[in-house]
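Letter by letter, the chains look like this.
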Amino acid sequence: MNEINKIFEEVKGQGRNVLTYEESRKVMELAGVPLNKIAVAKDLDECIVKANEIGYPVVLKVISEDIIHKTEAGGVKVGIKSDSELKKAYEEMMESVTSYHPGAKIEGFSIEEMVSGVEVLIGQTTDPQFGKMIAFGIGGIFVEVYKDVSFRLIPISENDVEEMYREIKGRKMLEGFRGMPALKMDDLKSLLLNISKLVEDHPEIKEMDLNPVMVTEEGLKAIDARIILE
Amino acid sequence: MTRKFFYPDSIAIIGATDNEKKFGHAVTANLMENKDLKAKLCPVHPKAETIGGLKAYKSVLEIPDEIDLAILLVPAKIVPHVVDECIEKKVKRIIIVTAGFAEINEEGRKVQEQLSQKLKDAGIRLIGPNCVGIQNVDIGMNASFIQTPPKGNVSMITQSGSVGAIVLYEMVWQGLGFSKFANLGNMADINLTDVLRFYKEDENTKVVTIYLENVVDGRVFYEELHEVAKDKPVVVLKGGRTATGMGAASSHTGSMATDYSSLKTAVKQAGAIMCESITDYIAAIKAFSFLPLPKGEKIGVLTNSGGSAVMFSDFADDFGLKLATFTEEFKEKIDPFLIPLVKKVNPLDMIAGATGKEYYEVTKAMLEDPNIDIVVPIAVIPTFLGMTTSEHYEGVIRAWNETGRKKPIIPIFMSGNLLNESKRIAKKESSPIFLNPREAAYAIKMLIQYAKRKKVIE
């Protein structure tokens, strides 16, 4: 049994059908989906080491089962550009988290590579008539406002990816708009074909979202992943 | 086999009648009207001695010959009895035109299920119930209660009988002809995919057109559509938005898919032409039925009306079409046919005095120019200088015929009733007239799109 199957078995074994962020990331990594870099640290010193390994700017997040709403508890700090900013962010976070949730057990911190660029969405859904479908479009928090997304039946071909791209009304944004990095067709083909393959091989995947996926100079990078099983 | 529905050797018309006020009359009359039809017709009626001059039988069981196809026009309540007789008679295929089954209520659905199960067990294939019927224009068979169209190369499958009729009437009006027509009604047995499979193999079908609202087995339909579209253009019009019961989607992608028609996606992905309106639908059918696929994307435009060319250029721009740049050689070639006022640029405005002769010469020069792949002759019929109302169109078609109809021509003629004579010629010549610039630009876009799919354009 391959590693992806193992993760799905575990999730199902626990009576769940929604994968955690970490599990979803792991599956995506195994499927060859490029993700932003991420590391886990126990304390400030380790945070600094990991942040330097990843390279600034980074995002700092608290890891604690007790804290469900991280942002409200002050457990997420973005745009950290140096060791000293990281130290300051860490101290502020400890203070707000403990006052928001006294006695919370803090398991550690996650340091995440902060990437910027145009946000796209890549996803998958299961249609009652046509089965597995893949989606690509303009991403971010306004996806459901603009609905600028194109769908295709899985499996897809390279030609399908080109047609999907041409269906996006806001594609001008992806062509190097105002000096922002442009989307490379080869990167998009590789990512969408990987997702198509993943879902073909694992039809128990009901829905997934990679939103947003950032269009960066180095290519596409997914910074959030969510997988739901049948 | 679906094919035999369209090529029966003998047909029993059960519920046939000479009484024009009776429901069964239209189908009876349509079947009997065409004397070219080779199939033996056997009208069945409980009382009549003859119908339409043919000997009538009291029941299908009285017919001495084998029956390939039985068409049922009798009231719904006696359909089960007639079906039993058809089974006893061992007819091979049945079309139930009669309505009043699964489409009305639960009881009707049950009766329909019993009928289709019985027929299945007996090995008899069924079209309907609740349908307009089918036509095979090639052999002069109109087993439906709608008008007989002229012969042509378009074959249609429609989920709605009345939309089928609209398209048929509109096509006839625009000089297009049919090969096959099928309205499948409740699809208790034969469905879209079965007919699609037949149209793919059918030699006389050059263009397949579908009107659909929903499909039963999405994946099977998609795979078949994909296969047909590799060979023949398939033009699809889809009615109704499918907010298919996606349930409560828990992802962004899922929630957007609820608004999005998966059926439209499947049609497009299969390589078929997905139309958004009946106007686009007719334009695409017209283009594929009359015209060869272009081998490139460069368009040459000639006109006697600057404004019309401007409007066409606007739509060409909207659809991402490309106008050719005239070569020096081409400019020299057309020079003798133009007055000095004319600027030799594309669109070529030959000004209102251009006659049928100039239309012939310039259209021909464009059709012969290796730098031009698609020719768009635009004309507003002049009512002056003693010109006839059809000489421009005649010039265009003559040029097209003389060059072997190798490249698509998209004549845009906008002149209301002044087009009557040109339309008559178009019908005789099997050539198209496009009635407005948008329709023309859309048709070109679809031709190019399909040519690319078939790799006629690399």
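Residues numbered from 1 in each chain as written. Chains lettered and ligands numbered in written order. Predicted model: local features only at pLDDT ≥ 70, side-chain atom pairs only at ≥ 80, totals over all residues. Heavy atoms only, no water.

As annotated in an unreviewed UniProt entry, chain B is CoA-binding protein from Candidatus Heimdallarchaeum aukensis.

Going by what an unreviewed UniProt entry lists, chain A is known as Acetate--CoA ligase family protein and is assigned to Candidatus Heimdallarchaeum aukensis.

Enquirer: When you look at the overall build of chain A in this model, what are you seeing that I'm missing?
Expert: On a plain count of helices and strands, chain A comes out with 7 helices and 10 strands. Over its C-alpha trace chain A gives a radius of gyration of 19 Å, about what one expects of a compact globule, namely 17 Å for 230 residues. With respect to the principal axes defined by its C-alpha atoms, chain A has extents near 50 × 50 × 30 Å. For chain A, with 230 residues in total, the buried portion stands at 47%. Across chain A, the fraction of contacts at a sequence separation of at least 24, relative to all contacts at a separation of at least 6, is 60%. Element-wise, carbon and sulfur atoms account for 52% of the exposed surface of chain A, whose accessible area totals about 11100 Å². Taken together, the 29 basic and 42 acidic charged side chains of chain A have centroids lying 2 Å from each other. (Helix = DSSP H or I, 4+ residues; strand = E, 2+ residues; numbered from the N terminus. Rg over C-alpha atoms; globule rule 2.2 N^0.38 Å. Buried < 20%, exposed > 50% of the residue type's maximum accessible area, 1.4 Å probe, protein only. Contact = heavy atoms within 4.5 Å. Areas by Shrake-Rupley, 256 points an atom, 1.4 Å probe, with all protein chains shown as cover. Lys, Arg positive; Asp, Glu negative; His and termini not counted. Charge placed at Lys NZ, Arg CZ, Asp CG, Glu CD.)

Enquirer: In this structure, what is going on with the pairing of strand S9 (residues 141-144) of chain B? I would like to understand it.
Expert: Two faces make up the sheet, and in a regular strand the side chains alternate between them. Residue and element names in this part refer to chain B. Residues Met141 and Ala143 of S9 are buried on one face, and the alternating residues Asn142 and Ser144, pointing to the opposite face, are buried as well. Across 4 bridges, strand S8 (residues 133-136) lies against S9 in antiparallel orientation. Bridge pairing links Gly133 to Ser144 in S9. Between the antiparallel neighbours S8 and S9 lie 4 residues, among them Gly140 with a positive phi of about 75°. (Pairing = 2+ DSSP bridges.)

Enquirer: Whenever I open this one, unusual backbone geometry confuses me. Can you help?
Expert: Of all residues except glycine, most have a negative phi; of all peptide bonds, most are trans. In this model, A:Tyr56 is joined to A:Pro57 through a cis peptide bond whose omega is 0°. Relative to the helices and strands, A:Pro57 is located in the loop between helix H3 (44-54) and strand S2 (58-63). The amide bond that connects B:Asn346 to the next residue, B:Pro347, takes the cis arrangement and shows omega of -5°. By the secondary structure assignment, B:Pro347 is in the loop between helix H12 (328-334) and strand S17 (348-349). A positive phi angle is found at A:Lys147, which is not glycine, with a value near 50°. If you check the backbone angles, B:Met187 has positive phi at about 50° while not being a glycine.

Enquirer: Is there a simple way to think about the UniProt feature "domain: CoA-binding" (unreviewed entry) in chain B in this case?
Expert: When the UniProt feature table is mapped to this numbering, "domain: CoA-binding" (unreviewed entry) covers residues 5-101 of chain B. The span residues 5-101 of chain B is 23% helical and 23% strand by assignment, and the distance between its end C-alpha atoms comes to 22 Å. (UniProt positions renumbered as here; feature names shortened; annotations may be inferred.)

Enquirer: What's the story with the pattern of salt bridges in this structure? I'm lost.
Expert: Under the counting rule described, the total for this entry stands at 47 salt bridges over all chains. Between A:Lys61 and A:Glu112 there is a salt bridge, with its nearest N and O atoms 3.1 Å apart. Remark: A:Glu112 occurs in strand S4 (residues 108-113) and A:Lys61 occurs in strand S2; sequence separation between them is 51 residues. With its nearest N and O atoms 3.7 Å apart, the salt bridge here joins B:Lys4 to B:Asp68. With B:Lys4 in helix H1 (residues 3-6) and B:Asp68 in the loop between strand S4 (54-55) and strand S5 (69-72), this residue pair connects regions lying 64 residues apart in the sequence. Among the residues examined, B:Lys4 registers a relative accessible area of 24% and is labelled partly exposed. Under the relative-accessibility criterion, B:Asp68 is labelled buried at 7%. By sharing partners, the salt bridges in this structure join A:Arg152, A:Glu163, A:Glu167, B:Lys268 and B:Arg453 into a single network. (Salt bridge = Lys/Arg side-chain N within 4 Å of Asp/Glu carboxyl O.)

Enquirer: Can you help me understand the UniProt feature "domain: ATP-grasp" (unreviewed entry) in chain A in this one?
Expert: According to UniProt, the feature "domain: ATP-grasp" (unreviewed entry) maps to residues 25-61 of chain A in the numbering used here. Taken end to end, residues 25-61 of chain A has its terminal C-alpha atoms 16 Å apart, with 46% of it in helix and 22% in strand.

Enquirer: I'm lost on the sheet that holds strand S14 (residues 273-275) of chain B in this one. Help?
Expert: Two modes of strand pairing occur in sheets, parallel and antiparallel, and in both the strands are linked by backbone hydrogen bonds. All names here are of chain B. Within the open sheet, the 7 strands sit side by side as S9-S8-S11-S10-S12-S13-S14. Their pairing is mixed. Lying at the two open borders of the sheet, with one neighbouring strand each, are S9 and S14. Sheet twist, expressed as the mean angle between neighbouring strand axes with direction ignored, is 15°. (Axes fitted to C-alpha atoms, helices over the stretch in contact; angles between N-to-C directions.)

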